[in-house]
Amino acid sequence: MTRTQAAPTPAAQGEPESLAAFFQQYKRRAYLFALQMVGDSDDALELTQEAFLRLHKRWHRRDPSQPATALLYAVLRNLAIDLLRKRAVRREAEAEPEQQGVARFEPETLAGRQELRAALWRAIERLPEAQREVLLLRDFHGLRYEEIARITGTTSTLVASRLRDARERLRRRLARYLE
Amino acid sequence: MKPDRHEQIRSLLSAYLDEELTQADSQRVRLHLEDCAECREQLAQLERLKQLTGELVFPDPPEQEWEEVERRLSVRITRGVGWMLVCGGAVGLLIYSLVMALLHWRPPTVREILGGIVLVGALLLFFSVLRQRLLELPHDRYRRVKQ
Ligand SMILES: [Zn+2]
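Residues numbered from 1 in each chain as written. Chains lettered and ligands numbered in written order. Predicted model: local features only at pLDDT ≥ 70, side-chain atom pairs only at ≥ 80, totals over all residues. Heavy atoms only, no water.

**Overview of the overall build of chain B**
Scanning chain B for helices and strands turns up five helices and zero strands. Each helix (α) and strand (β) of chain B, taken in turn from the N terminus, gives the series α-α-α-α-α. Here chain B, with 147 residues, has 27% of them falling under the buried criterion. Surface summary for chain B: the accessible area is close to 10,300 Å², and the carbon and sulfur share equals 64%. (Helix = DSSP H or I, 4+ residues; strand = E, 2+ residues; numbered from the N terminus. Buried < 20%, exposed > 50% of the residue type's maximum accessible area, 1.4 Å probe, protein only. Areas by Shrake-Rupley, 256 points an atom, 1.4 Å probe, with all protein chains shown as cover.)

This is the structure:
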């Protein structure tokens, strides 16, 4: 049901050859993805730094037919999931109550004060992790199903169904704003 | 419109919106939408959500934070290369000296003995730093994590 598409080559995507230039071009996108995943700006910066360090180690061995951004997102995602797991373990050990969502800042400051945007971000935060990452990679970062599937280690079909479920949840939760 | 067909189309709307459907499915959705105001409305809502998600605004870190990240990155990258050179060179030199000593045994000169001491010392330092780094790794990860 989903269309398979040839992955765009890095050259076609205009990705720079050197890691330094790549860092300048993509550091902000990397940071935002980390922030959306872990919800804390210090942690997000730390993850971004660690991700580029890991990228540096593989930069010259990376698959040239794949965009480096896919590698960047995949590395960031693994680091973020690692951190979220550790937080969950620590919360359990310290018997802290599970907090809703991941963000530690007020959604209002995050989303620019508009009620709908704040409500939208709150709803996105509460999505199951697997749905949240797919939604953000598609609608905020603009990746194609095929790329998202590679980054999250699934299939395009599964990406499509997670995305459909995520959007359906958001639509139901935000129904009063959307009508 | 039969309800099952209606539901089938709804399940395709999300991928339709992303232009990720096959041509045949896409055509099927388009035809259905022409006749079905309900599904058109649902598609419009999904479209709105998608657009809003793309327009969410997140706080950027201040510029000096980026400079700090760049500084730390370059320090760690340079240090990595430095340690690799020191370690590789020292191990190579040690092996070479041992092989030469075994092949042509003669009493070592004072210079060779001193050189050997420095070399072994450098390797010891390297492994102790490495051990410490490995032990510190878990703490390092939480260094900036708020409790
Ligand atoms: Zn319909």
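**Side note on a nonpolar patch on the surface**
Together, Val91(B), Ile95(B), Tyr96(B), Val99(B), Met100(B) and Leu103(B) make up a nonpolar patch on the protein surface, roughly 560 Å² of accessible area in all. Along the chain, the position of Ile95(B) falls in helix H4 (residues 63-103). (Patch = residues over 30% accessible without salt bridge, like charges linked within 9 Å, V, L, I, M, F, W, Y side chains within 5 Å. Salt bridge = Lys/Arg side-chain N within 4 Å of Asp/Glu carboxyl O.)

**What to know about the packing of aromatic side chains**
Scanning the model with the defined rule gives ten aromatic pairs over all chains in all. On the numbers, 5.3 Å between centres and 75° between planes, the contact of Phe33(A) with Tyr73(A) is edge-to-face. Here the residue Phe33(A) occupies a position in helix H2 (residues 19-38), and Tyr73(A) occupies one in helix H4 (residues 68-93), the gap between them amounting to 40 residues. One exposure class covers both Phe33(A) and Tyr73(A), and it is buried. Relative to Phe127(B), the ring of Phe126(B) lies with its centre 5.2 Å away and its plane at 70°, an arrangement referred to as edge-to-face. Residue Phe126(B) is classed as buried on the basis of its relative accessible area of 11%. In this structure an aromatic cluster arises from ring pairing among Phe22(A), Phe23(A), Tyr26(A), Tyr31(A), Phe52(A), Trp59(A) and Trp66(B). Here Arg62(A) stacks its cationic end above the ring of Trp59(A), 3.9 Å away from the centre of that ring. (Phe/Tyr/Trp six-rings, centres within 6.5 Å; stacked < 30°, edge-to-face > 60°. Lys NZ or Arg CZ within 6 Å of the ring centre and 35° of its normal.)

**Some details on helix H3 (residues 37-54) of chain B**
Counted at 1.5 Å a residue, the expected span for H3(B) with its 18 residues is 26 Å, and the 26 Å between its end C-alpha atoms agrees. Turning to H3(B), its buried residues number three or more, namely Cys39(B), Gln42(B), Leu43(B), Gln45(B), Leu46(B), Leu49(B), Lys50(B), Leu52(B) and Thr53(B). (Expected span 1.5 Å × (residues − 1).)

**With respect to the layout of surface pockets**
Any space left empty among the atoms is revealed by the rolling of a water-sized probe across them. Residues and elements named next belong to chain B. Put simply, the second largest pocket is a space of about 570 Å³. As for the second largest pocket, its lining consists of 17 residues, and the residues nearest its centre are Ser-97, Leu-98, Ala-101, Pro-108 and Glu-112. Elements supplying a minimum of two residues to the lining of the second largest pocket: H4 and helix H5 (110-142). Looking at the lining of the second largest pocket, the element that brings in the most residues is H4, giving seven residues. (1 Å grid on protein atoms, 1.4 Å probe; cavity = no way out; pocket = protein on both sides within 12 Å on 5 of 7 lines; lining within 4 Å. Points joined across faces, edges and corners; volume = space filled by probe spheres on them.)

**Some remarks on the domain arrangement of chain B**
Think of interface size as the accessible area that goes away when the parts come together; that is how it is often given. Per the domain assignment, the segments making up chain B are domain 1 (3-55) and domain 2 (63-139). Computed from C-alpha atoms alone, the centre-to-centre distance between domain 1 of chain B and domain 2 of chain B is 61 Å. (Domains from an automatic or database assignment.)

**A word on the side chain of Glu15(A)**
Residues and elements named next belong to chain A. Position of Glu-15 among the secondary structure elements: in the loop between helix H1 (10-13) and H2. One buried charged residue, Glu-15, forms no salt bridge at all, with the nearest opposite charge on Arg-62 at 5.4 Å. Engagement of the side chain of Glu-15 in a polar contact is seen with the backbone nitrogen of Ala-68, the distance being 2.7 Å. (Lys, Arg positive; Asp, Glu negative; His and termini not counted. Polar contact = N/O pair within 3.5 Å; in protein donor to acceptor, adjacent residues only side chain to side chain.)

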